[in-house]
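Structural features, examined
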Amino acid sequence: MMTRQVVVSNALGMHARAAARFVHLATSFQARVTVNRDGRSVDGKSILGLLLLAARCQSVVTITAEGPDEEAAAEALVRLVETGFGEAP
Amino acid sequence: MIQLIGIPVSPGVASGPAVVLLQNPFAIRYTVAQGHVAREAARLDEAARLARRQLEQVRERVTRSSGPELASLFDAQLLMLDDQPLVPRAKAIVETDCLNAEWALQRAFDEVSTVFDQADDAYLRERRGDVADVVGRLARALRPTTTSPWSVLAGIEVPSILVVDELAPSVAGQLEPARILGVAIDGGSRTHHASIIVRSRRVPAVAGLRRATALIRPGAMAVLDGDAGEFVLDPTPDAHERVLARHRGRVALPVRASDVGPVTTADNQVIRFEANVETPAEVPGARAAGAEGIGLFRSEFAIGLESLGSFDEDRQYRVYRALVEGMAPLPVTVRTFDVDEFQVSGNRHPVGGTSRGPLGLRAIRLSLDRRDVFDTQLRALVRASRHGPIRILFPLISSVEELRAARSALRGVQSEISEGEGRVPDIPVGVMIEVPSAALTADLLARDADFFSIGTNDLVQYCLAVDRSDGRVADLYDPLHPAILRVIRQVIRAAARHRKPLSVCGEMAGDPASLAILMGLGVTTFSMAPSSIAPARAIVAGLSLAEMRRVAARAMRLGTGREIRSLVVKSVAALRPPGAGRREEGAGGRAHGES
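Model, not experiment: these values are computed from the prediction. (Residues numbered from 1 in each chain as written. Chains lettered and ligands numbered in written order. Predicted model: local features only at pLDDT ≥ 70, side-chain atom pairs only at ≥ 80, totals over all residues.)

**Focus: the overall build of chain B**
Across its full length, chain B carries 26 helices and 18 strands. Within chain B, buried positions represent 48% of all 595 residues. Considering only contacts in chain B between residues 6 or more positions apart, those separated by 24 or more positions represent 70%. (Helix = DSSP H or I, 4+ residues; strand = E, 2+ residues; numbered from the N terminus. Buried ≥ 20, exposed ≤ 12 C-beta atoms within 10 Å, placed from the backbone. Contact = placed C-beta atoms within 7 Å.)

What follows is the structure, encoded as structure tokens:
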């Protein structure tokens, strides 16, 4: 199991488009992905779950990956969030 | 057990499983048999596949027109199609609770919405709109070819009680008594058009229940009493039996249904009854009930209300001819289309089919505006007039100009047909008195009209400024309001002075107290639903017209409709048949003794 913390850095936070990118990336891995914010845990492959997390700019989220490719999954997802989902910071 | 009291709109008792039809949002609710659960869940997969194809096309279009950045918004919607809380959750609900796909999808959406609504984040609350968009697309995809409520109703296999939020007249017109045992309506009123149609189809119904669709649980049984206005969900055996026993007591009341021909009052005055019908199929029933003619044929209902524009002349001619031949030698009064522009264009009403603007472009106004539709109808009527006595009635006339314009349209059609195909008979032309301006100028209209028909439903509504489809003000709708009696008396006097026949064709004539007072004011011809004629004949036979004139004169000095009703009921022994007392007890003390 791989657990990594990351700060949401883009201005809009994890909104619909960003969450869609996150889900696309997460589902390309075999590992089970969960995302946690303020004690609330959601499925990282569920768009509705991620939206409901309401992770705005500067919020800290914990990404957990569990499965054969957990290391690569956690690494790639953290990079996506850190780079602001490819959007303006 | 949940007991609700509403407005009685169509007599009779029904019991059976309840089926919920919500017009807005459009969703039908029923439970599926255990063996069909897999098939029902598969409908959701199929809908998701269709929705996916549509969304991919939308994304492609937006990519071309606005670039990939904006188009990627639809990625989120596409992901929602697969997401656990929607389609997979709905499938699980279908499997565990045996609900139909639409209902299960609505439940899954409700669960997601609750979480979204609780969020203290405005952005997030707005995202609920995206989810609603996806769910709406899925719901439509569930029935890609059959989008009309009546085609959905046609899919009901077990005879059921229909529970609806609103009943559109077009839906009411399609109810099959064999499959729909009774109707319970959250909104509506006794005189709402849909209620009139349900009554004509002899389906027991109760309106104004407010929360029936919200309180119902899947697979609920229901019993409905259309005379008392009672609707019981999941009745106990005792409650069920109580409703049925009350109905048996009512049916046992003697009604002299076999009498035909004119009926005379106790003091030998002749009163005529005619029938209000919606289809030629009702003609034998009207004759059997003793009707001396069709006083009101609501022509738009025979057409299915789908598109009057495409209802060609020959089809109309066949309907009118069947009606005239079925009733001959007695006369048939056809009211020209009382519809609005949406019905003529064949377009659906904006939402739920109920947004009919009563003060807008409809009835004779629309006919004079859409001369193609009007002339087609008039040609069909003139051709049918060769087969038996027919009379034409124009609805919603509000001025002498309109009456003259409508008459001149009819003359044009008559001379065109007589030139081409030989002489056509004269057709008496009447005015439906339902707008206060027409009632107040009845003396002027009488010079250009051959007869009057007072449409009390709309006349009461427009005089009292009461929207009869709004259950919250329905109590203000009082046909015995002093203003109504004054207006009606004025019309009766104008007709008498010009020696023009007059009849009353609203539902008011079906209420015994109103019937008695209208007779006292001078009305001698009434037109009503065939099922109301036999009871009304029985009442008339026991009344003295001279006495009713005295009662009416006293009523004109009373200040409220309630006082007037109580004066009439107290003065007239015939209005208190044995058993009426019992019925009032059963109805739980409602003020109006309408039956």
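**What to know about helix α1 (residues 37-66) of chain B**
All names here are of chain B. For α1, which comprises 30 residues, the first-to-last C-alpha distance of 43 Å matches the rise-based estimate of 44 Å (1.5 Å per residue) to within 8%. Buried residues of α1: Glu40, Ala41, Leu44, Ala47, Ala48 and Ala51, and no others. Downstream of α1 by one or two residues, Gly67 has phi in the positive range, about 95°. (Expected span 1.5 Å × (residues − 1).)

**Examining the pairing of strand β13 (residues 332-335) of chain B**
Residue and element names in this part refer to chain B. Residue alternation in β13 divides its side chains into two sets, Val332 and Val334 and Thr333 and Arg335, and both sets are buried. Pairing of strand β12 (residues 294-298) with β13 involves three bridges; the strand directions are parallel. Bridging across to β13, Arg298 finds its partner in Arg335. Bridge count between β13 and strand β14 (residues 390-394): four bridges; the pairing is parallel. Paired with Val334 across the strands is Ile392, a residue of β14. (Pairing = 2+ DSSP bridges.)

**Quick word on the sheet that holds strand β3 (residues 40-43) of chain A**
All names here are of chain A. Reading across the sheet, the four strands line up as β1-β4-β2-β3 and stay open at both edges, with antiparallel pairing between neighbours. Only two strands of the sheet have a single partner each, and these edge strands are β1 (2-7) and β3. Put simply, the sheet's adjacent strands are angled 25° from each other on average, direction ignored. Of the pairings in the sheet, the one linking strand β2 (residues 32-37) to strand β4 (residues 60-66) comprises five bridges and is antiparallel in character. Bridged to Asn36 within β4 is Thr62. (Axes fitted to C-alpha atoms, helices over the stretch in contact; angles between N-to-C directions.)

**Notes on the interface of chain A and chain B**
Each partner contributes residues to the interface: chain A has 13 residues there, and chain B has 17 residues. Elements represented by at least two residues in the side of chain A that touches chain B include exactly α1 (16-27) and α2 (47-53) of chain A. At five residues, α1 of chain A tops the list of elements feeding residues into the side of chain A that touches chain B. Along the lines of polarity and charge, the residues of the side of chain A that touches chain B split into nine nonpolar, two polar and two charged. (Nonpolar A, V, L, I, M, F, W, Y, C, P; charged D, E, K, R; others polar.)

**Things to note about the pairing of β14 of chain B**
Residue and element names in this part refer to chain B. Taking burial as the measure, the five residues of β14 include five buried ones, the bulk of the element. Where burial is concerned, the two faces of β14 agree: the one with Ile390, Ile392 and Phe394 and the one with Arg391 and Leu393 are both buried. As defined by bridge partners, β14 adjoins strand β15 (residues 429-433) across three bridges and the pair is classed as parallel. Looking across to β15, one finds that Phe394 is bridged to Val431.

What is shown is where atoms sit, not what they do.
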